[in-house]
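Summary of structural features
The lines below spell out each chain.
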Amino acid sequence: MQRFTPARRLLSEFKCSLRRQRRCFSQVAPNVVDNNDGFGPKIPSFDYSPPPYTGPSADEILSKRKEYLSPAMFTLYSKPLNIVDGRMQYLFDDKGRRYLDAFGGIATVCCGHCHPDVVEAIVNQTKRLQHSTILYLNHAIADFAEALANKLPGNLKVVFFTNSGTEANELAMMIARLYTGCHDIISVRNAYHGNASGTMGATAQSIWKFNVIQSGVHHAVNPDPYRGVFGSDGEKYARDVEDLIQFGTSGNIAGFISEAIQGVGGIIELAPGYLPAVYSTIKKAGGLCIADEVQAGFARTGSLFWGFENHGVVPDIVTMAKGIGNGIPLGAVVTTPEIAAVLTRRSYFNTFGGNPVCTTAGLAVLKVIEKEKLQENAFVVGTYLKERLTALKDKYELIGDVRGRGLMLGVELVSDEKLKTPAKLETLHIMDQMKEMGVLVGKGGFYGNVFRITPPLCFTKEDADFLVDAMDHIIARM
Amino acid sequence: MAMLQRRILKSTLEEAKARFNFNCYPLLPPCASFSTLPSSSTTATAHDDVPPQLPPFDYQPKPYNGPSADEILAKRKRFLGPSLFYYYQKPLNIVEGKMQYLYDESGRRYLDAFAGIVTVSCGHCHPEILNAIVEQSKLLQHATTIYLHHAIADFAEALASKMPGNLKVVYFVNSGSEANELAMLMARLYTGSLGMISLRNAYHGGSSSTIGLTALNTWKYPIPEGEIHHVMNPDPFRGVFGSDATRYAKEVQDHIEYGTSGKVAGFIAETIQGVGGAVELAPGYLKQVYDIVRKAGGVCIADEVQTGFGRTGSHYWGFETQGVIPDIVTMAKGIGNGLPLGAVVTTPEIASVMAQKIQFNTFGGNPVCSAGGLAVLRVIDREKRQAHCADVGSHLIGRLRSLQDKHDIIGDVRGRGLMVGIELVTDRKEKTPAKAETAILFEKMRELGVLVGKGGLHGNVFRIKPPMCFSKDDADFLVDALDYAMSKL
């Protein structure tokens, strides 16, 4: 597949110049969107036809969900999408219609849906041995742990396997508390780290926090370049962490946890200079630095393999999940041998963690990322996409900010550029329309007004063009 | 802790060697022939110097060309941390599995009497489940519940249909720990109270919160737990009240009346404690305790991570053996025959409190695990695994009880269906745990071709919880092997 077509770019630039006069305003206009076979951008071609779908319809599924699943379980879109098949960066609904997956199952499918190498590895291992636990030896866990450790800097080379990001962060927090003998942990406002008791404390958005005891966590001012009071001055924000420690704790803490680019929080890249300053403060207070790489890890940021590397720091503990297995339930915590030893005081055991199938899949993912140069692709295509989105921002006042790195990008919509009033309704509307045009994006941010674009890393420039053109097309008609 | 355990093991082994004149135990011939000899296990008595033979099995494992046990162990030590322990002095490199058997790197077959810790419920690489997983993996591994997909809905429906009462709202997670975490959250939100009650000797998870519910010091790190009360274990074998459920239940009443505000969030228990050594709660206990807890405004949580899915033989769910209906049921392990999957089932009423905020699980309910889970339910029903567990289980327990008459070291045989425990003691009156002997026999069983589990606070209980396709021949082989090994002690 072509990743760059000069002719197409010229054509889209031409189209842009024709529409340059149109601006969008904050009222939600009635829905008049062309179909894929009318006017408007077309999804790039793709040589794959899903098998015909003969399963339950969307309505049948919805009614079963209402009856048997959580009442709080939500779907995107006014008319929920029944996704039955996936291939690389595309998803297919029950009618066989193809969509560009610009969300990646929430930054999870990194190699591509049903990537042949990964599927082969999974299938072969499943046929041999699904599960035995680490009570017995098996090479898969050892080989994957080694390969994973080799991707990390410093002395980060002891791996613990879990089944999710929440489990990984919970374990990281427990390790930090045990290692230091302290309880206080600092996380950043607007962060998301999980939904179990410790991680719910570290998570810092009220919508995800239930009214239960979440002890020992302090939330620092978010070094948010777009909305934060200190703009992009990372060091000024870092002083808040110092204050939290000096005034809110005994002076010694267990640790600090953050994402390099906040995912759920709306693709907010921490202000430059923040992490190095904070890490230094934390170390002085005897604490450990935990880097949550659940979304930013595994080549997604393009420039470097891990999100934290973009900030020039080396954490003490790294947690990962989501992209680590291209969608298979898997998480991991990597730390130093010295810190890892703290768990030998008692027994920590994870029944499913490190099972042969998931670790085989994880190893296959690392190999695909390398073989197909997905990190480089994330950089090239991500940079291109960000440029095009930034051009779109210049065109429409509705777009308040375009940010992110590699293929972890965010587009924040505001109804007033100065006041930065979140344009929640418009976001919903555009998201729905994008789906009608064949593009699936994600949503995030505290106000729900940020598009999250975190596709499989095999995303191409043509896909990027399609996404931006679709957005352009929709906003122009609002 | 692993290093400490190994040191203890080494010294107790040496001690035992000296005590029991170990050297007369004959060395076994190389293993390859074991798996092909016809079954003659029931006829040979343990006093013959011919060890019992594995039942025959018509399957050839694939040739193994991967890293050796030593290479793997070296990598584990380097990249997986010192806290990752393993079984056996010379750890076993398991490379393949089929139904109730496992194969090591040399192709030797073993009877898997532990099922990856009560997890492989239908059998390793069971064809129907394998097919469901493979087919779904080719279509769609993951998209999350923000889109619709039929697999999660169908599986939730099927699971709910197995539940009594109004238990029909399903939450999918990825492990037993996650399930119990969620159950605790629900209990606290629903009741507005904080206090949780769990049993001493229980195991409910290894995450920082479930460690609070877990009540075995081996697994408890020194971290704050919040308000959790560990009540006296209604243990018929070691408990001070024997099988008198009423007196144990009064303990719970006392905890509530003296140790809490009078109101609690909930009570959680396994019906047959797994990690704790297959301890079945004294009959009638749960009925009384559920009453007490509900009067104190609390909810009752049944941890079915090990006892669920027909394993007890007499009933589908462990809690049914005590004649109760919980408010929340948690499950994992056997639910997916080894897939990373867990679930919480509760009533619509309790589930509604979770709607106050957003609770989302990225991997939970993914198409592949849901398809696998649904296949598991179908296999259990179609192959009548529950009845099979009752049948083979009672045969196994019967034979073990006869063995108990023969060997003083067997202090107790307990359990139900294919969830069985054998507790070893050096003194039947004192019930002194026979830790060293258990360790030796554990190794011996492996040499004979049987992989069992170990449990109990003192590590002196054999846990027999095989894949539910375990046969009577397998049971005979296991008992004969145990008999043989014990006679040689």
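Numbering of residues begins from 1 in every chain and follows the order in which that chain's sequence is written. Lettering for chains starts from A, numbering for ligands starts from 1, and both go in the order in which the items are written. Restriction of local features to residues with pLDDT of at least 70 applies here, the model being predicted, together with a cutoff of 80 or more for giving and counting side-chain atom pairs; totals for whole chains, interfaces and linings are based on all residues. The side-chain numbers reported here are obtained from all heavy atoms of the structure, hydrogens and water having been left aside.

Digging into the pattern of salt bridges
The rule for a salt bridge is simple: a side-chain nitrogen of Lys or Arg has to be within 4 Å of a carboxyl oxygen of Asp or Glu. The full count for this structure, using the stated rule, is 35 salt bridges over all chains. The shortest N-O distance in the salt bridge between Arg238 of chain B and Glu423 of chain B comes to 2.7 Å. Separated by 185 residues along the polypeptide, Arg238 of chain B in the loop between strand 6 (228–231) and helix 8 (245–259) and Glu423 of chain B in strand 14 (residues 419–427) bring together distant segments of the chain. Relative accessibility decides the category of a residue: with a 1.4 Å probe and only protein chains considered, values under 20% of the type maximum give buried, values over 50% give exposed, and everything between is partly exposed. Arg238 of chain B sits in the partly exposed class, given a relative accessible area of 34%. Using a relative accessible area of 3% as the deciding quantity, one classes Glu423 of chain B as buried. One continuous salt-bridge network, built from bridges that share partners, spans Arg227, Asp401, Arg403 and Glu412 of chain A. Counting from the N terminus, the helices are DSSP H or I runs at least four residues long and the strands are E runs at least two residues long.

Topic: the environment of Glu387 of chain A
Following the sequence through the fold, Glu387 of chain A ends up in helix 12 (residues 374–395). With 15 residues separating them along the chain, Glu387 of chain A and Val402 of chain A place their C-alpha atoms 9.1 Å apart.

Section: the confidence of the model for chain B
Residues and elements named next belong to chain B. On a range of 0 to 100, pLDDT expresses the predictor's confidence in each residue. Per-chain confidence: chain B averages 92 in pLDDT, with 90% of residues scoring 70 or above. Residue contacts are counted whenever heavy atoms from the two residues lie within 4.5 Å of one another. For the stretch residues 18–44, pLDDT sits under 50, and the model shows 37 contacts to residues farther than four places along the chain or on other chains. With pTM at 0.90, the complex prediction returns an ipTM value of 0.89.

Re the sheet that holds strand 3 (residues 98–101) of chain A
Residues and elements named next belong to chain A. Strand pairing is assigned whenever DSSP identifies at least 2 bridges connecting the two strands. Read across the open sheet, the four strands follow the order 1-2-3-16; overall the sheet is mixed. Single-partner strands in this sheet number two, and they are strand 1 (83–87) and strand 16 (439–440). Sheet topology places strand 2 (residues 90–93) next to strand 3; three bridges connect them, and they run antiparallel. Paired with Phe92 across the two strands is Arg98, which belongs to strand 3.

Observations regarding the pairing of strand 4 (residues 158–162) of chain A
Residue and element names in this part refer to chain A. The buried count for strand 4 comes to five of five residues, which makes it a mostly enclosed element. With five bridges connecting them, strand 4 and strand 12 (residues 331–335) associate as antiparallel partners. By the bridge assignment, Phe161 is partnered in strand 12 with Ala332.

Here's the deal with the side chain of Glu181 of chain B
Among the secondary structure elements, Glu181 of chain B is positioned in helix 6 (residues 176–191). Charge counting treats Lys and Arg as positive and Asp and Glu as negative, with His and both chain ends excluded. One buried charged side chain, Glu181 of chain B, makes no salt bridge at all; its nearest oppositely charged neighbour is Arg188 of chain B, positioned 7.6 Å away. Pairs of N or O atoms within 3.5 Å make up the polar contacts considered here, provided that, within protein, one atom can donate a hydrogen while the other can accept it, and that residues adjacent in sequence are counted only when both atoms are side-chain atoms. Side chain to side chain, Glu181 of chain B and Ser207 of chain B meet in a polar contact 2.8 Å long. From its side chain, Glu181 of chain B meets the backbone nitrogen of Ser209 of chain B in a polar contact 3.4 Å long. Residue contacts for Glu181 of chain B: discarding those within four places in its chain leaves Glu170, Ala196 and Ser197 of chain A together with Ser207, Ser208, Ser209 and Thr210 of chain B.

Re the packing of helix 8 (residues 234–248) of chain A against helix 9 (residues 274–284) of chain A
Helix packing geometry: the angle between the two helix axes and the distance between the axes. All names here are of chain A. Helix axes use the C-alpha atoms of the stretch in contact, all axes being lines fitted to C-alpha atoms, and the angles between their N-to-C directions lie in the range 0 to 180 degrees. Two elements in contact, helix 8 and helix 9, have axes whose closest approach is 8 Å; the angle formed by their N-to-C orientations is 20 degrees. Taken together, the axis directions place helix 8 and helix 9 in an arrangement best described as roughly parallel. In this structure, helix 8 meets helix 9 at a crossing whose hand is right-handed. Packed against helix 8, whose contacting residues are Gly234, Glu235, Tyr237, Ala238, Val241, Glu242 and Ile245, the element helix 9 presents Tyr274, Ala277, Val278, Thr281 and Ile282 at the interface. Amino acids are sorted into nonpolar (Ala, Val, Leu, Ile, Met, Phe, Trp, Tyr, Cys and Pro), charged (Asp, Glu, Lys and Arg) and polar (every other residue, Gly among them). Looking at the contact of helix 8 with helix 9 residue by residue, the classes come out as eight nonpolar, two polar and two charged. For classification purposes, angles smaller than 35 degrees are called roughly parallel, those larger than 145 roughly antiparallel, those between 65 and 115 roughly perpendicular, and all remaining angles oblique. Definitions for this section: a left-handed crossing has its near helix turned counterclockwise from the far helix by less than a right angle. A right-handed crossing has that turn clockwise.

Structural notes on the nonpolar core
Among the nonpolar cores identified, the biggest contains 237 residues, and Leu148, Tyr274 and Leu467 of chain A together with Tyr147, Leu159 and Tyr285 of chain B are the most heavily contacted of them. In contact with Tyr274 of chain A, other than residues within four places in its own chain, are Val188, Ala220, Val221, Pro223, Gly234, Tyr237, Ala238, Val241 and Phe256 of chain A. Think of a nonpolar core as a cluster: buried Ala, Val, Leu, Ile, Met, Phe, Trp, Tyr and Cys residues, connected wherever their side-chain atoms sit within 4.5 Å. One finds Ala176, Ala254 and Val342 of chain A together with Ile223 of chain B within the second-largest nonpolar core, a separate group that totals 28 residues.

Brief notes about the interface of chain A and chain B
Each partner contributes to the interface: chain A provides 105 residues, whereas chain B provides 109 residues. Here the quantity called buried area is the total loss of accessible area, with a 1.4 Å probe, experienced by two parts when brought into contact, counted for both. A buried area of about 9500 Å², summed over both sides, lies between chain A and chain B, and 66% of it is on carbon and sulfur atoms. If you sort the residues of chain A by the area they bury against chain B, Arg128, Tyr136 and Leu137 of chain A come out on top, with a joint share of 10%. The interface formed by chain A and chain B contains six salt bridges.

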